[in-house]
Each structure stands twice: as structure tokens, then as C-alpha cells.
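Observations on chain architecture
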Amino acid sequence: MSWSLPQQAEDSRDQMTILIGSAVRLLCGEAGVFVVSNEAFDPQSSSEYTLYQISEPALPHLLSYVQEAMQPNSLQPLVVETVPPDLAIQLGLPEDVVEQQGIECCSLAVFDQAGPVGMLHFLRPSTARSCFEPGNELNDTASEGTLRLFIAQLATGLRFALRSQGLVKEQGRLAAIFQHSKEGILTVDNALRIIDFNPAMEDLTGWQESEVLGQFYFKVLHPKDRQGNDLGLQDSPILQAFAGQEVVDREMVICARDGQRFLVSVTASCVRSARGEPMNGILNVRDLTRERQQEEQRSTFISVISHELKTPIAIIKGYASTLADNYAKLDAEGLHSRLVAVEEEADRLDKLVGNLLYASRIQANGLQMDIATLDLERLIRGVVRRFQAKYPDVSITLDISESLPTVMADRERIEEVLQNLLDNAVKYSPRQRAITIGSHATGEEVIVSISDAGMGISLRDQQQIFERFQRVGDPLMQSTPGAGLGLYICRAIVEAHGGRIWVESTLRQGSTFSFSLPREEKAPLPMVVF
Ligand code: ADP
């Protein structure tokens, strides 16, 4: 049975009720309660009382009555007492039976060789005698031996029912772990066919449990070594666990349904029969790709940041030393150009530190927005004017639709987005320095696009570059300065406005970065994120 279909706890409770009900009937009772003994009681799995034809409110009355009465034991397993009529009525027994026949309360000790299982208290008309007792109509020769046989059988049945209650609850707990585990878990039979495939495994591989049940697990996962060579059956982690080998945190590559490969760490274990033969194999699968990405991101962060800080510091130090040693020999122009270089590098440092602070504020959800009506065309023209003054050799073409609607935005933040995208367009277009800025409106939003004819970005890299510290290629080998924070910040700003940002690009031909902002009348309510 699959862990996805745990057995209902009701079933095993019903088993107890059926056993108790038939025992009470066989003993000619009308109603009763079975109380599990302390020795057999397991708070994890069983309830203390199993009622038959007795209501919950009547139970305390019956229990306090039997506590006062004589208790049965293994020497005298059945004790019979006459119940006062008012108590019998209180317990819900029919008035005519109470009046005409009187009611007895019988207590039967249920035990076996392993010890007591519990006590069965039941109510019956005083005239009734069961087939296990002397004086009954059916079996006049009934001896105490027959009653003891009945008790032994009842004890065995009850022990099984209590055990199965425990197993069902245990299965429920295991099923919850299996279902909610963040780690992928699959189990196989001894022919390595899949019998369970948990939701984490479904997420990891893209296969649904119903599609893989009964399949050979190698055919579903296509495990490979880290070099990409198919694993032979002799390297199957489950077979090795069957052979008694320890398989803990072994790294391998598995294939998802769409052919994508993941680096995973697997641990295999084996469930054996009483004779020690392997019955089931269990494979725990942990996705290492994400963990590795995070580790890589951390180490990239440190190397990129140190590299980005070291370069301007080295340049500033170099110029400062030349100035200190040679300032008397330098003419005004020489002096000026060196001071400008120092200033530019200081600006670069300032921008890097600013971006780092910005990124950490975004992470801490502390991006404060000051939203107001914004005329995008005016903003674009202003940014372009300042940009053109900084880069006079770059040709910028404006393609802005007439009567561009206003948007609701934080002017300073959108200016930062435009500046970042323009800086990148220049930075990543080493030869072609022609940029087009377009803007048009749709029914819902205003879209701004910045196109360059630069180096372009491959499709694979396009998916990454909006993430923190993501740069195309090896960040440390790149000649252009940058820490992979600009686009991350742009995306955070645009998304905080309820807009989108995306890129269309062809390698070695150029890129178009676009972002959208909701039109003023469609904008979400002004917000301040802090
Ligand atoms: P930075 O420029 O500081 O590295 P960004 O987040 O602005 O960080 O950009 C991330 C990466 O995206 C850049 O390192 C670069 O590889 C790529 N990229 C950004 N803009 C362009 C562009 N216009 N053309 C080509 N590649 C670009």
C-alpha cells in the first residue's frame, strides 16, 4: 500500500467495537464497556474505553458503580452483581426490562498468558445466562473451562485490534513525514520497482507518483555519475544497501522528466524480512543544485566585491602616489587629468557601496517609496540630457509616443532605473555606441525600452542577470567593472511599483531592456514599503 493512501483510523476503531459488541452479545448482554488495562494501554495508539450501546454521558455512572463492586480476577474471571433499578434506567436500559426482569452488571476479566488486557463490564437482564455459564438453556454442561477458552480468544482478538490501532496511527505519522518531507523519498520493492514517490520527489523530477508506480527506479531517475556517465546497476545505491553496504550522502546526477539534470545527494536503506532478506529499499534524495548555487553566490559575492573594491583603490593609490612624488613637475593639464581620474574612481567606489547598501535594504524589505504622479517623458528627457553631457560620443535616439500618459511612481527611483540601464547599454557596447530609448503606452501600462547594439546576452544568461551578483561569464574575468547588482536593484524598484522588467537580446547584435509601470489611473494605491 502506498504512503499516499494511509489506512483510515476509523477501520481499526470499528474492529474494536465489533469485537466488544459480539462479546457482549455472546454473554447475553445488552450494553457494555471495555476498559483497557494499564498494562495493555498505549496512549499513542488506543483509547481507554470502547463503548457498546452505552452513551458517553452514561459512562461515568456505570464506571463509578463498577469501581465500588467486586472486581473479577484470573481465579474468578466473571463477577455478577444486581444493579439498582434507578441506576439501570439512568444507564439507558428499557424500563419494562428493568421492571420485569431486573438488571445485572457483569464484569469479565480479559487476560491471556501475557497478562491482563482489560475488563469488560456489561449489563444484561437478570434472567439471562450465556452459553459459557452453567444454567443456560443451550448448554447445560457449560463449565468454567468453556468461559476461560472464550476469554482467551477474546484476549487474542483484542490484542490484535489494539496493535492494529497502534499500527494505523503509526502509519499516519509516517505518511505525514513522507508527504511533507522537503527531501525526496522513494521506496521500491525487492525487484527495484517504485512503490512510493513523495511530493518532494514529484517536484524534483516532474513525474507524478501515479506515472511511476511499478516502474524500475533506474528508468525513472536515469542516475549518472558527476561526469555524466550512466550508472550501472552494480552502482545502484539501493542494490548496494540490499547487499548490506552503507550508502550515505552519495552525490550523483539524476534526470528530471524534461531531461534537466540535477546534482543530488542520496542515502539508501533497506527493510529486511524476519529471515533477513531485502524486502524494500528506501532512497532519500536531497537536491544539491540550490544549495550549491547559494554557496557559489556567497563566494562570488566576496570575490566580486573584493575585486571591485580593490581596482579603484589601486588606481586612486597609484595616481595619489604619482601626484605626491611629481606634483611639482606636472603641468596644469597633467594635474587635472590625474585628479579627474581619482574623482572617477572615488565615484565608482561610492556607487558600489551605495548599490550594496541598496541591495541589502531590498533584502531586508526596507525599500522606501515616495509615490506621486510622474511625467515619464520629462524624466526621460532630463536623464538623457545629463547622460549626453557625460558621454558626448554616444548617439541617443528618442522614440517617445505622443501624449504619453502619466504614471504613479517614485521619481528618484525610476531615474535610477533609467540611469542603470543606460550605463549598462554603454558599458556592454564596446564598439557600437548608439542607443535608442522608446516609450509607449498600452491600455494598462507605460513601457520604456532602452536598446543598444552591443554584445548581447545569450538566452540562458537572460534568465539569470536580474538575480543578485549575476554577471555574464566569469565575473572576475570581465573587463567591465560591475558587481551584478544594477539589474537586481532595477527589478526590485520596478516590481515595487507593480511593474515588470525584461530583456530581449541576441548575442553579438544587441539588447533591449524594457520595463513597465502601471498608468496613473491603473496604479496600485501609493505605498511605502519599510
Ligand atoms: P553589473 O553591470 O554591475 O555587472 P547588472 O546587474 O547591471 O550588473 O548587470 C548584470 C549583468 O548583465 C552584467 O554583468 C552583464 O553581463 C549583463 N548585462 C547587463 N546589461 C547588459 C547589456 N545592455 N548588454 C549586454 N549585457 C548586459
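Relevant structure appears above.
Cut-offs applied
Residues numbered from 1 in each chain as written. Predicted model: local features only at pLDDT ≥ 70, side-chain atom pairs only at ≥ 80, totals over all residues. Heavy atoms only, no water. Helix = DSSP H or I, 4+ residues; strand = E, 2+ residues; numbered from the N terminus. Rg over C-alpha atoms; globule rule 2.2 N^0.38 Å. Buried < 20%, exposed > 50% of the residue type's maximum accessible area, 1.4 Å probe, protein only. Contact = heavy atoms within 4.5 Å. Pairing = 2+ DSSP bridges. Near = heavy atom within 4 Å. Polar contact = N/O pair within 3.5 Å; in protein donor to acceptor, adjacent residues only side chain to side chain. Areas by Shrake-Rupley, 256 points an atom, 1.4 Å probe, with all protein chains shown as cover. Core = buried A, V, L, I, M, F, W, Y, C linked by side-chain atoms within 4.5 Å. Axes fitted to C-alpha atoms, helices over the stretch in contact; angles between N-to-C directions. Parallel < 35°, antiparallel > 145°, perpendicular 65-115°, else oblique. Left-handed = near helix turned anticlockwise from the far one by under 90°.

**A few points about the overall build of the protein chain**
The secondary structure content of the protein chain amounts to 15 helices and 17 strands. In terms of C-alpha radius of gyration, the protein chain reaches 40 Å, well past the compact-globule figure of 24 Å for 530 residues. Along the longest, intermediate and shortest principal axes, the C-alpha atoms of the protein chain span 130 × 60 × 45 Å. The 530 residues of the protein chain split such that 43% are buried. For the protein chain, the share of sequence-separated contacts (at least 6 apart) that also reach a separation of at least 24 residues comes to 63%.

**What to know about the pairing of strand E8 (residues 247-255)**
Pairing analysis gives 7 bridges linking E8 to strand E9 (residues 261-272), with the strands arranged antiparallel. In the strand pairing of E9, methionine 252 is matched with valine 264. The antiparallel pairing of E8 with E9 creates a hairpin that spans 5 residues between the two strands, and glycine 259 there sits at a positive phi of about 90 degrees.

**Describing the site of the ligand**
Looking at the ligand, there are 18 residues lining it, with Asn424, Tyr428, Asp452, Arg471 and Leu487 nearest. Glycine 486 places a main-chain nitrogen or oxygen 3.2 Å from an oxygen atom of the ligand. The protein chains hide 97% of the 530 Å² of surface that the ligand would expose on its own. For the shell around the ligand, the secondary structure elements donating two or more residues are helix H13 (411-427), helix H15 (486-496) and strand E17 (510-518).

**Structural notes on the nonpolar core**
Within the largest apolar cluster, 49 residues are counted, with the highest numbers of intra-cluster contacts made by Leu376, Ile414, Ile435, Ile437 and Phe515. The next biggest cluster of nonpolar side chains, apart from the first, holds 26 residues, and it includes Met201, Tyr217, Leu283 and Val285.

**Describing unusual backbone geometry**
The backbone of aspartate 249 shows a phi angle near 50 degrees, a positive value even though the residue is not glycine. Within the element layout of this structure, aspartate 249 appears in strand E8. A relative accessible area of 46% places aspartate 249 in the partly exposed class. In the Ramachandran plot, arginine 508 falls in the positive-phi region, its phi being about 65 degrees despite a non-glycine side chain. Mapping arginine 508 onto the fold places it in the loop between strand E16 (501-506) and E17. Given a relative accessible area of 69%, arginine 508 falls into the exposed group.

**Topic: the sheet that holds strand E7 (residues 194-197)**
Read across the open sheet, the 5 strands follow the order E7-E6-E10-E9-E8; overall the sheet is antiparallel. With partners counted over all chains shown, the strands left at the sheet margins are E7 and E8, one partner each. Sheet twist, expressed as the average angle between the axes of neighbouring strands with direction ignored, equals 30 degrees. Where strand E6 (residues 184-188) and E7 come together, 3 bridges link them in antiparallel fashion. Along E7, the bridge assignment pairs threonine 187 with aspartate 196.

**Some points on the sheet that holds E16**
The sheet built from 5 strands is open, its strands ordered E12-E14-E15-E17-E16 with mixed pairing. What marks the edges here is a single partner per strand, and that holds for strand E12 (395-400) and E16. The average undirected angle you get between the axes of adjacent strands in this sheet is 15 degrees. Both strand E14 (residues 434-441) and strand E15 (residues 445-452) contribute to a ladder of 7 bridges, which runs antiparallel. Residue pairing across strands places serine 439 opposite valine 448, the latter belonging to E15. Strand contacts of helix H12 (residues 376-390): E12, E14, E15 and E17, with the helix running at about 175 degrees to E12, the strand carrying the most contacts.

**With respect to the packing of H12 against H13**
Packing of H12 against H13 leaves a shortest axis separation of 10 Å and a crossing angle of 45 degrees. Between H12 and H13, the crossing angle belongs to the class labelled oblique. The way H12 lies across H13 gives a crossing that is right-handed. Contact residues: H12 offers Leu376, Leu379, Ile380, Val383, Arg386, Phe387 and Lys390, while H13 offers Arg411, Ile414, Glu415, Leu418, Gln419, Leu422, Asp423 and Val426.

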